[in-house]
Number of protein chains: 2
Amino acid sequence: MGRTTLKDIAEKAGVSVTAVSRALSGYPDIGEETRGRILRIAEELNYQPNIAARTLVTHKSGVMGLFVLGRAKGEGFSHPFSGQVINGFLDELTEDGYDMMVFKANRPPDSENSSYLDLCRRRMVEGAFLMGLRTDDPWLSDLTASAIPIVTMDMPLAGDMTFSVGCDSVSAVHAAIRHLADLGHKRIGIVNGYKEASISLERFEGYKSALTSLGLPFDPTIVAEADFTAAGGRQAFLSLIDKAPDMTAVFVSSDLMALGVLEGARERGLSVPEDLSVVGFDNIEMAAMSSPPLTTLDQPRYELGQTAARMLISACSGITPPSRVLLKANLIVRGSTAKPNKIKTGEVIEKAH
Amino acid sequence: MGRTTLKDIAEKAGVSVTAVSRALSGYPDIGEETRGRILRIAEELNYQPNIAARTLVTHKSGVMGLFVLGRAKGEGFSHPFSGQVINGFLDELTEDGYDMMVFKANRPPDSENSSYLDLCRRRMVEGAFLMGLRTDDPWLSDLTASAIPIVTMDMPLAGDMTFSVGCDSVSAVHAAIRHLADLGHKRIGIVNGYKEASISLERFEGYKSALTSLGLPFDPTIVAEADFTAAGGRQAFLSLIDKAPDMTAVFVSSDLMALGVLEGARERGLSVPEDLSVVGFDNIEMAAMSSPPLTTLDQPRYELGQTAARMLISACSGITPPSRVLLKANLIVRGSTAKPNKIKTGEVIEKAH
DNA sequence: TTACGGAGCTAAATCGATTAAGCAAAATCT
DNA sequence: AGATTTTGCTTAATCGATTTAGCTCCGTAA
């Protein structure tokens, strides 16, 4: 198992190990001629530095951690939202010479396990990006007190070394509700995510304040909560529409749930957008492919990931990034929203003539 | 930055560093009483081993590499297929105490870059799992000659240290075609993936041999090729249906492309499954949510990932796994397949009465 | 002539673990 | 009792890099 080491190069070049190390690292105190010879030999021997050795002395691993949190087997990477974020994060890291190590914490009572930060310390991870953090996470206080930079997706933490990226939910939801109101909707419901997600609170705030600023009444009977899955969205919608059949539009806190709403609407014989307008959130790939295609708020997922990476990298270089970066989510109008239809379901056929 | 080291524990416990190391590693040559004391102090000081140091001497990093290959920005993690595979892979690794490092190689002419194996060597990665490898990959011969275990998704390589996981495409496609034939279809087309994916070849073989064994003629005019995207699938289908309007069913090599086919069918005014039956492959989450929901071949993605991890782990422990493991893809019949409808598109309205 | 300074390189310590070799005391055998 | 083994621990080398301190040689200024 003869891996090439600095020593091998040093011997072949007839210089000391130090000289080789410094030549390869670009220090100016190695003569041009010697440096050339060293570089050539290194190339020849296909030298790859042993990063474990380097890490041991420099205390810098060149590794950033990614934590994909979630309880169930099916969550985590398979969520249609995460993919592009991770792509952006990894691309940006790679660009700057960092590598990425991924940790997954499911298993609800993770208390027995080591905290996220312990995992980082073992691997000398320099900074971490956490996706899917919830307000009821058992390690929240550890994270807040972290000594290494932490970037969280969506959920800001109040630590010196904690930063967050996300989209401006409030103004995004405003745009969505305004769009519905402009079309003429008066009874606009909401299918929100669970309370333990910080975005749920923000989006609810956005919903309420948008109604107020548009002069529409807020009615708690057309507010439902689901678990960010399609099945949950469907369920929540059904209970909503059964309670309030006069609802003509619904804002849904995620596209996945919105797809469930679409399904529920079909089940109740409501056609979208004629009988019901639906606005989602996220603009996942699926949103453009459903029938009807979903009007939604586009989150720039790739850029969110990139931003997280850049914040982490700059924090690691001693340049403190802003503690919270908010990107803009843009409204994409597709086929799931239209003017409210006053004709009842049973009369739709007439309309066709 | 006072991280706890073996030395700290040793001093506090009044023993040598070796004793601490051996006590923590569970060697039997440390007295019960001493071991207890050491363990307690380690706990107290929240000791986390420095894995870089350990790796340096043992030459085992406890890290497996995951390579998510793909050319475009949007590929890689965001592909609806990868998520669950990665979940299974990571869960299984974590179970066995391994961590995962992820590398991404896009940038078409990756020649300037280091090969996959160089990346592994730098990080002392013990084994690697490659997803999305193509037959025209520039590093194919390096991989085949690899000294560390490599597991590839779908595409088998002929090396001593190369293994592969995948689904038995041929028998899966047989089941799909038989299902269509049983329904009464005689003109069954195929939208396949590009040739550089080994699965495309296998699925094409399955398609041809299934037709033969069912006594149906093979007709190259109803064979099309796309790039595994929805847009590509739509495009390929359109050219197919325009050439052969009498085609009543189409087998599509991936669900994503199949969703594109559904879109294309809508555009041409064909209703699925009445005018056209569609069978996909993969059973991605979206497949159950389209309208109509897609009949497809379910790939056990999570299990594929788990299997890859187990093969890698066992290969790293010196136990050679089988060079190729094929799981079964099961046919899931949903709403996109039905008996062929002899009535032409224009007459569909009559049927409704 | 002596001293100083810079250029170019080396020696040796260090990071934090693992592990081979060995040693002292206690336990066991003869 | 004396020899031998076992138990429980220590010493010191090692992995492969980085880094600090210092050394040698040469040119130049005083």
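Relevant structure appears above.
Procedures and definitions
- Residues numbered from 1 in each chain as written.
- Chains lettered and ligands numbered in written order.
- Predicted model: local features only at pLDDT ≥ 70, side-chain atom pairs only at ≥ 80, totals over all residues.
- Heavy atoms only, no water.
- Buried < 20%, exposed > 50% of the residue type's maximum accessible area, 1.4 Å probe, protein only.
- Helix = DSSP H or I, 4+ residues; strand = E, 2+ residues; numbered from the N terminus.
- Arc of directions from axis to C-beta.
- Contact = heavy atoms within 4.5 Å.
- Pairing = 2+ DSSP bridges.
- Near = heavy atom within 4 Å.
- Polar contact = N/O pair within 3.5 Å; in protein donor to acceptor, adjacent residues only side chain to side chain.
- Nonpolar A, V, L, I, M, F, W, Y, C, P; charged D, E, K, R; others polar.

Asker: Hey, could you go over helix 2 (residues 17–24) of chain A for me, with residue numbers and the actual values?
Answerer: Working note: α-helix, 3.6 residues per turn, so residues spaced by three or four point in the same direction. Residue and element names in this part refer to chain A. For helix 2, the full list of buried residues reads Ala19, Val20 and Ala23. Burial along helix 2 is one-sided: seen end-on, the buried residues are contained in an arc of 100 degrees. As for helix 2, its buried residues are in contact with helix 1 (6–13) and helix 3 (32–44). Phi turns positive one or two residues past the end of helix 2, at glycine 26, with a value near 80 degrees.

Asker: Describe the environment of serine 169 of chain B, with residues and values.
Answerer: Residue and element names in this part refer to chain B. Among the secondary structure elements, serine 169 is positioned in helix 8 (residues 169–183). Note on serine 169: relative accessible area 2%, which makes it buried. As for serine 169 and asparagine 46, which are separated by 123 residues in sequence, their C-alpha atoms are 50 Å apart. Contacts of serine 169, omitting those with residues within four sequence positions, involve Ile199, Glu202, Arg203 and Phe281.

Asker: Before we move on, could you go through the pairing of strand 6 (residues 188–192) of chain A and cite the residues and values that matter?
Answerer: Residues and elements named next belong to chain A. Counting buried positions along strand 6 yields five of five residues, so the element is predominantly enclosed. Residues Ile188, Ile190 and Asn192 line one face of strand 6 and the alternating positions Gly189 and Val191 line the opposite face, and both faces are buried. Direction of pairing for strand 6 relative to strand 8 (residues 249–252): parallel, over a ladder of four bridges. Residue pairing in the sheet places valine 191 in a bridge with valine 252 of strand 8.

Asker: Mind laying out the protein's contact with DNA strand D, listing which residues take part and the relevant values?
Answerer: Around DNA strand D there are 26 residues in total, and Leu6 and Ser21 of chain A together with Thr18, Gly31 and Thr34 of chain B lie nearest to it. Per the 4 Å cut-off to the protein, sugar and phosphate atoms form 59% of the nearby atoms of DNA strand D. Within the side chain of threonine 18 of chain A, one N or O atom sits 3.0 Å away from a base oxygen of DNA strand D. A distance of 2.5 Å separates a phosphate oxygen of DNA strand D from a polar side-chain atom of serine 21 of chain A. Top contributing element to the surface near DNA strand D by residue count: helix 4 (residues 51–58) of chain A, with five residues. Class assignment for the residues of the surface near DNA strand D results in 13 nonpolar, ten polar and three charged.

Asker: So what's going on with the protein's contact with DNA strand C? Residues and values would help.
Answerer: Residues in contact with DNA strand C amount to 25 residues; listed here are only the nearest, Gly31 and Thr34 of chain A together with Leu6, Ser21 and Tyr47 of chain B. In the environment of DNA strand C, a phosphate oxygen lies 2.8 Å from a nitrogen or oxygen atom belonging to the side chain of serine 16 of chain A. In the environment of DNA strand C, a phosphate oxygen lies 2.4 Å from a nitrogen or oxygen atom belonging to the side chain of threonine 34 of chain A. The leading source of residues in the surface near DNA strand C is helix 4 (residues 51–58) of chain B, at five residues. Of the residues that constitute the surface near DNA strand C, the class distribution is 13 nonpolar, ten polar and two charged.

In short, geometric facts, not functional conclusions.
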